[in-house]
Amino acid sequence: MTVTIIGIGLIGGSLALSLKEKGIAASIIGVDKSPAHIQKALDLKLIDRSDTLDQAVKVSDLIFLAVPVDAILEILPRVLDQVKDQVVVDLGSTKSKILEAVRDHPRRGRLVAAHPMAGTEYSGPEAALKDLFKDKTMVLCDVKKSDEDAFEMVENLVDSLQMRSVFMNATEHDVHTAYVSHISHITSFALALTVLEKEKEEGHIFELASGGFESTVRLAKSSPDMWVPVFRQNRENVLDVLEEHIRQLKNMQHLLEKEDYEAFYKLIQRSNRIRKILR
Ligand code: NAP
């Protein structure tokens, strides 16, 4: 089948590699606002050719949206306006605002809302990885609003990518991703800023950075182009979890000030319960 990928960066490019490798896509058309990314995607053979959005949608069986979530809000209604029996999949990291924007669209049924719980801190077509999605979770949202054949096509695709499907409504999705994914990015951005502010000697950061610092601060390499629209669209849930996070930090500060190491010990023990969930 012919597949169009709108936004040929980390997620779109990785998907292109998998669709080619699994023999799912005979031809992949790339659509991107960046001519340099299109050229890179052609050089890396992520896509077979590029086209304008309108032309690409017309000749494709399956259309993915892998642009930042503010751009999905803009582009998705335009894509749905043009589809007949094709299937459209949005891969954005937020869902409520996106699905709200097309709730009453006459072709809403052709859309399947999906969020691959896979990624890295890098962006653009050069960041694309062949096995990015393997053994990861695909969250499928509000699937009852999708036409049966569209949902079935995407469910089979998720299986072919060797991913697990998890079903949620858009509201649940946005709450849980704020708790697990969005807050980790905020924490990492804040940690990077803290260390950059306190440690003026860049050489010391480089020399002293151990595995712990590197793994905690890794997400701070992520692109603001992708993350600010996520925080904007999921503002309320992110503010809610951020409040709890700040409460935890303040509690640690308070215990250290009081030199209550016994309570601090117990606090760390409680946090170690995460070992049971993530081995
Ligand atoms: P990315 O690597 O930055 O790729 C996005 C691509 O879309 C870039 O080439 C970008 O070009 C292009 N683009 C931006 N606005 C556009 C527009 N209006 N029209 C056409 N192309 C446009 O980002 P990504 O990490 O792949 O993220 C893509 C989507 O996947 C986002 O919705 C994100 O929420 C979701 N997602 C990301 C992850 C993750 O961990 N990164 C995980 C799951 C889902 P420019 O760079 O020139 O702007």
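The rules behind these values
- Residues numbered from 1 in each chain as written.
- Predicted model: local features only at pLDDT ≥ 70, side-chain atom pairs only at ≥ 80, totals over all residues.
- Heavy atoms only, no water.
- Near = heavy atom within 4 Å.
- Polar contact = N/O pair within 3.5 Å; in protein donor to acceptor, adjacent residues only side chain to side chain.
- Areas by Shrake-Rupley, 256 points an atom, 1.4 Å probe, with all protein chains shown as cover.
- Pairing = 2+ DSSP bridges.
- Helix = DSSP H or I, 4+ residues; strand = E, 2+ residues; numbered from the N terminus.
- Salt bridge = Lys/Arg side-chain N within 4 Å of Asp/Glu carboxyl O.
- Buried < 20%, exposed > 50% of the residue type's maximum accessible area, 1.4 Å probe, protein only.
- Axes fitted to C-alpha atoms, helices over the stretch in contact; angles between N-to-C directions.
- Parallel < 35°, antiparallel > 145°, perpendicular 65-115°, else oblique.
- Left-handed = near helix turned anticlockwise from the far one by under 90°.
- Contact = heavy atoms within 4.5 Å.

Chemist: Where do I start with the site of the ligand in this structure?
Modeler: Surrounding the ligand, one finds 25 residues, the nearest of these being Asp-32, Lys-33, His-37, Val-67 and Ser-93. Within the backbone of Val-67, one N or O atom sits 2.6 Å away from an oxygen atom of the ligand. In the model, an oxygen atom of the ligand is placed 2.8 Å from a nitrogen or oxygen of the Gly-124 main chain. In the complex, the protein chains occlude 87% of the 890 Å² of accessible area that the ligand would expose alone.

Chemist: Looking at this model, I keep getting lost on the pairing of strand S8 (residues 164–168). Mind explaining?
Modeler: Across a regular strand the side chains alternate sides, sitting on one face of the sheet and then on the other. Here five bridges tie strand S7 (residues 137–141) to S8, and the two strands are oriented parallel to one another. Residue pairing for S8: Met-138 is matched across the bridge by Ser-165.

Chemist: Whenever I open this one, the pattern of salt bridges confuses me. Can you help?
Modeler: Pairing between side chains becomes possible if they bear opposite charge and their charged atoms approach one another. All told, the structure shown has 14 salt bridges when counted by the stated rule. Here Asp-48 ties to Lys-20 by a salt bridge, and the two come within 2.8 Å at their closest N and O atoms. Note that Asp-48 is positioned in the loop between helix H2 (35–43) and strand S3 (49–50) and Lys-20 in helix H1 (residues 10–21), a separation of 28 residues in sequence. In this structure Asp-48 comes out as partly exposed when scored by relative accessible area, which is 40%. A salt bridge links Arg-78 to Asp-54; the shortest N-O distance between them is 3.2 Å. Taken together, the residues Arg-78 in helix H4 (residues 69–82) and Asp-54 in helix H3 (residues 53–59) connect sequence positions 24 residues apart. Among the charged side chains, a network of salt bridges with common partners joins Glu-21, Lys-130 and Asp-131.

Chemist: Just checking my understanding: could you explain the sheet that holds strand S4 (residues 62–65) for this structure?
Modeler: Adjacent strands of a sheet pair through backbone hydrogen bonds, lying either parallel or antiparallel. An order of S3-S2-S1-S4-S5-S6-S7-S8 is seen for the eight strands of this open sheet, with the pairing classed as mixed. Edge positions in the sheet fall to S3 and S8, since each of these pairs with one other strand and no more. In terms of strand pairing, strand S1 (residues 2–6) meets S4 through four bridges, oriented parallel. Its bridge partner lying in S4, Ile-6 is registered against Leu-65.

Chemist: Explain the environment of Thr-120 here, please?
Modeler: The residue Thr-120 is located in the loop between strand S6 (111–116) and S7 in this model. Exposure remark for Thr-120: the relative accessible area of 25% places this residue in the partly exposed category. Along the backbone, Thr-120 and Asp-70 are 50 residues apart, and their C-alpha atoms lie at a distance of 20 Å. In this structure the side chain of Thr-120 is engaged in a polar contact, spanning 3.1 Å, whose partner is the backbone nitrogen of Tyr-122.

Chemist: When you look at the packing of helix H7 (residues 170–198) against helix H10 (residues 224–233) in this model, what are you seeing that I'm missing?
Modeler: One can describe the packing of H7 onto H10 by two numbers: an axis separation of 11 Å at closest approach and a directional angle of 125°. In this view, H7 runs oblique relative to H10, as classed from their interaxial angle. For the pair H7 and H10, the sense of crossing is left-handed. In this structure, H7 uses Ser-181, His-182, His-185, Ile-186 and Phe-189 to contact H10, whose residues at the interface are Trp-227, Val-230 and Phe-231.

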